[in-house]
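Architecture at a glance
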Amino acid sequence: MPMASNFLRGNNTFLTSILLLTFSQATAAATTRHFKWEVEYIFWSPDCLEGVVMGINGHFPGPTIRAKAGDTIVVELHNKLHTEGVVIHWHGIRQLGTPWADGTASISQCAINPGDHFVYRFKVDKPGTYFYHGHLGMQRSAGLYGSLIVDVADGQREPFRYDGEFSLLLSDWWHQGVHEQEVGLSSSPFRWIGEAQSVLINGRGQYNCSLAAQFSNSSSSSTGQCEFTGREQCAPEILTVEPNKTYRLRIASSTSLQSLSLAIKNHAMVVVEADGNYVQPFSVDDMDIYSGDSYSVLFKTDQDPTMNYYISASVRGRKPNTTQALTILNYKPNSASDPPKLSPPVAPAWNDYAHSKAFTSKIFARVGSPAPPTSFDRRIVMLNTQNNIDGAYIKWAINNVSLILPPTPYLGAIKYKLKNVFDAANPPDDYDREYDVMNPPVNRNTTLGSGVYNIELGSTVDIILQNANALAANVSEIHPWHLHGHDFWVLGYGEGKFNEKEHERSLNFKNPPLRNTAVIFPYGWTALRFVADNPGVWAFHCHIEPHLHMGMGVVFALGVHRVGNIPREALACGVTAKMPMSNVTATNRG
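My aim in this report is to walk through the structure given alongside it, one point at a time.

How each quantity is defined
Residues numbered from 1 in each chain as written. Predicted model: local features only at pLDDT ≥ 70, side-chain atom pairs only at ≥ 80, totals over all residues. Heavy atoms only, no water. Helix = DSSP H or I, 4+ residues; strand = E, 2+ residues; numbered from the N terminus. Buried < 20%, exposed > 50% of the residue type's maximum accessible area, 1.4 Å probe, protein only. Pairing = 2+ DSSP bridges. Salt bridge = Lys/Arg side-chain N within 4 Å of Asp/Glu carboxyl O. Phe/Tyr/Trp six-rings, centres within 6.5 Å; stacked < 30°, edge-to-face > 60°.

Another point: the environment of Ala 392. Examined against the element boundaries, Ala 392 turns out to sit in the loop between β20 (378-389) and β21 (393-398). Relative accessible area serves as the criterion here: at 29%, Ala 392 is assigned to the partly exposed category.

Listed below in structure tokens is the structure:
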């Protein structure tokens, strides 16, 4: 019998307590939490090979922000990069009433110029596991990211109990510089950097060496052993636990490319949170985590307490030329340097999509969660394709439009009714349903566009994400899609081409999970529903960094007339830089 099944059978009381606990109704005063950050390039050794990373206050990854629901976060950001701008996106935070603080260059704000400051001020309205990252060019690939944890407010309780917690921020790392990556993606002929050299756990990985070889006799494709003397930056994270306790493990993925599988050797995990929303608890031995995802899992330290165990992150959905990332679960009182006697977890085959779909099919909203509206006001079907521009440059496109961003942020342009800032034509709501999603496109060409989807405030919108074959035959990739400013209900997944008559009846309106990121599987479709209730201009895009860089995204605008005065520092570029300052609020400081 699989280990997860044994866990469920033997821990009915544990799972029942997760299901039945409810929040206390007590409330508490919110707090304002202030941070001062300096962003600059620094030398670092994320995987034991020194290179240049984008750090905050001289460290990589950036500092963890910890707050409580209802708190206000104030981050005064100083750009110490010499030649480029910067912004920070607070991934999963809805920015209710503060759309200019979403941190999306050319959409919610101007890039913060070298030497300049910008103050991000926003409220974290609900508890959960989140993270932040750069959202200009490919600065996430350069290492600009960190964790953001929101606890329940004082006097309230989580709907589950645990004795301690840890956070794992997953990412991938290349030895080639981010600017070389960007140039290669925009070149003709196309120059692909290839798979990442390392997967990092909390910013630490091991390149060209093997933790497993150092600590055990297990086989590995790496060529040597890791020597950490003087290289603490890449030494594996150690999670020290006590036997017979329950721990919460918060997991977020800021990867630029890779989808990952996470497992704890011999320990089942009970998934209880996804993207800041509680889910119906379910037990797994391993779990898929796509770029942009965040989860909380509970695990019990009920294994042999005389041993330590591996935690692994392995590549999924792409042929894994990247070494498995490993870290150590250290049972007290064992030494943290004691080698695990058991080999690391064996990941599912990289292309075992049935395994991945089985995981996603288990995610349902916790009992008592908000249900979606029973009908929609507008449905937008988005065909994801790979195409060419001018027969030479490779782009990704949605309904044959590859997104390009204007020099003036949409939010300011729409708020102040500026003309000729972006394309006036609306992007298409659908595609030619005769398109063959199973084969390369007959018409390989696409168009560039900067138009926006104008969404009626308060309306219910359905999004059907439709995957297709890329330019090369027999190639269809995983695409995790992330929505800014809102959560959506994931109504369902399916194979092949979405057909309303055939597939409507299979959609889940009873207990679909609320998420901000959802995956489309190769040659498949994913159905989403959201209520457009947050005024602003919001990005919706594939969270794989090269795909967004190459045009796989759209922009939603809704209720912008309801947005308050936008801080002028957010509009110090493009046409808005020339506006009379009487039109915008004087400052965002303090």
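Whenever strands of a sheet pair, they do so through backbone hydrogen bonds, lying parallel or antiparallel. Pairing is mixed in the open sheet, where five strands are placed in the order β24-β32-β31-β26-β29. Looking along the sheet, the strands with just one partner apiece sit at the ends: β24 (453-454) and β29 (517-520). As paired strands, strand β26 (residues 479-483) and strand β31 (residues 536-542) are joined by three bridges and run antiparallel to one another. Pairing of His 482 across the sheet is with His 541, part of β31.

Turning to the pattern of salt bridges, a few remarks are in order. The tally for this structure, following the rule as stated, stands at 26 salt bridges. Here Glu 545 ties to Arg 140 by a salt bridge, and the two come within 3.0 Å at their closest N and O atoms. Here Glu 545, found in helix α8 (residues 545-549), pairs with Arg 140, found in the loop between β7 (128-134) and β8 (145-151); they are 405 residues apart in sequence, far enough to count as distant. No difference in accessibility class separates Glu 545 from Arg 140, as the two residues are buried. As a salt-bridge pair, Asp 293 and Arg 515 come within 3.2 Å of each other at their nearest N and O atoms. Placement of Asp 293 in the loop between β16 (286-289) and β17 (294-300) and of Arg 515 in strand β28 (residues 514-515) is noted, with a sequence separation of 222 residues between them. Relative accessible area serves as the criterion here: at 3%, Asp 293 is assigned to the buried category. The class of Arg 515 is buried, set by a relative accessible area of 4%. Among the charged side chains, a salt-bridge network with shared partners connects Arg 66, Asp 151, Glu 165 and Arg 250.

Moving on: the packing of aromatic side chains. Inspection of the entire model under this criterion finds 24 aromatic pairs. Note on Trp 90 and Phe 122: the rings are 5.0 Å apart at their centroids and 40 degrees apart in plane angle, and the pair reads as tilted. With Trp 90 in strand β5 (residues 88-91) and Phe 122 in strand β6 (residues 117-123), this pair connects stretches of sequence that are 32 residues apart. For the residue pair Trp 90 and Phe 122, the accessibility class agrees, reading buried in each case. Measuring from ring centre to ring centre gives 5.7 Å for Phe 540 and Phe 556, while their planes differ by 25 degrees; the resulting arrangement is stacked. Within this pair, whereas Phe 540 is found in strand β31, its partner Phe 556 is found in strand β32 (residues 553-558), the two being separated by 16 residues in sequence. Through successive ring pairs, a cluster of aromatic residues spans Trp 37, Trp 90, Phe 118, Tyr 120, Phe 122 and Tyr 132.

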